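# Chain and residue survey
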Amino acid sequence: MTPKEPHIAPELYAILAKVSDPEIPVLSIMDMGVVRSAIIDENNYVTVQITPTYSGCPAMDVIGDDIKSALAAAGYSATVELVLSPAWTTDWITKEGRKALKKYGIAPPLTAEADKDVLLHGKRLVPCPQCKSTHTVLVSQFGSTACKALFKCLDCKEPFDYFKCLK
Amino acid sequence: MKQDLYTYILGIADNNLILGQRLGELCGHGPSLETDIACTNISLDLLGQVRSYYQYAAQLNERLTSEDQIAFMRTEREYLNVLLVEQPNTNFAYTIARQFLYDIFHKLFIQNLQNSTDQTLVAIANKAIKEVSYHQRFSSDWIVRLGDGTDESHEKIQTAIDDLWTYTNELFQLTPNDEQMIKAGKGVNTALFKDTYYAQINSILNEATLATPQSKWFQKGGKEGIHTEHMGYILSDLQYMQRTYPNMEW
């Protein structure tokens, strides 16, 4: 499926960009790619569509509420809808989003192929977000949230989260 | 037709709910921090999928009109999950064996559900397939680690596989309602991948130096609401809050 480009009304962009993922506060929901559309109708009423990263992502309810309050603060009433299709992929995380993740200490997702090599065949490809060494190993396929796996760096000895590639 | 679809959705989703509940029991009690987190993360994925299924089902039913009512307000006979998923976390080998025997089926099922003529089910399946693939990797890896591990881990996982084997065939049982949904193009014809299921299981058990059970005697009943002795205990935990404080919300 080819993901269609999200349709965001230009005047809403800056408002929505201020809302962040509660579990990864440095990452705006716009950079995360979870906002699929935001439109204003003739009565100035806003409808926002968001899509979950994972089916069970507990952050979605909070994100929905945060969107509503950010829009209310800017003078808009809004409805937030959850859409499942097309399904979210890590490709929708923007360049800025990937930078923000890295700076925060979370290794951003590699390509799907590399991800498989790392998670299935134990290859050392994920660079440590602290010291940049790829001398890293997978500790657990599941990390602090459903979207992350736990790694440790064998050089600087720091444990870190890796944002799993989801295609 | 609405009622048939409702029943069909429960037949898929109840498996996730009950398995999610079983995995949730391990929260804070897993054998290691990593496996504890893995089991509860898988539980979270399954419950997330359940929410999508039940939200859809709630639009089709007159009595139970919200996801919570469907999850919490039914009697035991109204749950349509297979017997496999309600089996207890006897030890880590049982937890992994149960997960493995379900994950292989779940992935094949979801792959086929992607071709349903029902667009909501397709959307749920497109989302779930990525998660389920990951679960299958996790449980298959552990089957190999335990089977090809120490003498003790080998023996424990073999015992668990042997004991749970009797619940595998029910995954492929088709109720009259299932058959109707298959005819309507919405349901998944599980008969088409039964051989693939057992071949995949066999191949991973081989890799794990484990023997594939040969027993041809299988249990069934869950798909008709007739459950094992464990189900009542699961439901009393699961439903406690809603039964004690009806209509409570978080």
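Basis of the calculations
Residues numbered from 1 in each chain as written. Chains lettered and ligands numbered in written order. Predicted model: local features only at pLDDT ≥ 70, side-chain atom pairs only at ≥ 80, totals over all residues. Helix = DSSP H or I, 4+ residues; strand = E, 2+ residues; numbered from the N terminus. Rg over C-alpha atoms; globule rule 2.2 N^0.38 Å. Buried ≥ 20, exposed ≤ 12 C-beta atoms within 10 Å, placed from the backbone. Contact = placed C-beta atoms within 7 Å. Nonpolar A, V, L, I, M, F, W, Y, C, P; charged D, E, K, R; others polar. Domains from an automatic or database assignment. Pairing = 2+ DSSP bridges.

With that settled, the discussion passes to the overall build of chain A. When its secondary structure is counted, chain A shows five helices and 10 strands. Radius of gyration (C-alpha) of chain A: 17 Å, near the 15 Å computed for a compact globule of 167 residues. By principal-axis analysis of the C-alpha atoms, chain A measures approximately 55 × 30 × 25 Å. When each of the 167 residues of chain A is scored for burial, the buried share is 41%.

Before going further, it helps to spend a moment on the interface of chain B and chain A. The interface of chain B with chain A comprises 19 residues on the first partner and 15 residues on the second. Considering only residue class, the side of chain B that touches chain A consists of eight nonpolar, five polar and six charged.

All names here are of chain A. Per the domain assignment, the segments making up chain A are domain 1 (7–92) and domain 2 (105–163). Computed over C-alpha atoms only, the centres of domain 1 and domain 2 are separated by 28 Å. Contacts between domain 1 and domain 2 engage seven residues on the former and six residues on the latter. Residue composition of the side of domain 1 that touches domain 2, by class: three nonpolar, three polar and one charged.

A word on the sheet that holds strand β9 (residues 148–153) of chain A. Residues and elements named next belong to chain A. Sheet architecture is open: four strands sit in the order β7-β10-β9-β8, paired in mixed fashion. Each edge of the sheet is formed by a strand with only one pairing partner; in this case those strands are β7 (106–107) and β8 (136–140). Summarising the sheet, β7 and strand β10 (residues 159–163) pair through two bridges and their orientation is parallel. Paired with Ala 107 across the bridge in β10 is Tyr 162.

So, about the environment of A:Ile40. Residues and elements named next belong to chain A. Relative to the helices and strands, Ile 40 resides in strand β4 (residues 35–40). Its 15 C-beta neighbours within 10 Å are what place Ile 40 among the partly exposed residues. Spatially, the C-alpha atom of Ile 40 lies 50 Å from that of Lys 157, the residues being 117 residues apart in sequence. Excluding anything up to four places from it in sequence, Ile 40 contacts Ala 9, Leu 12 and Val 46.

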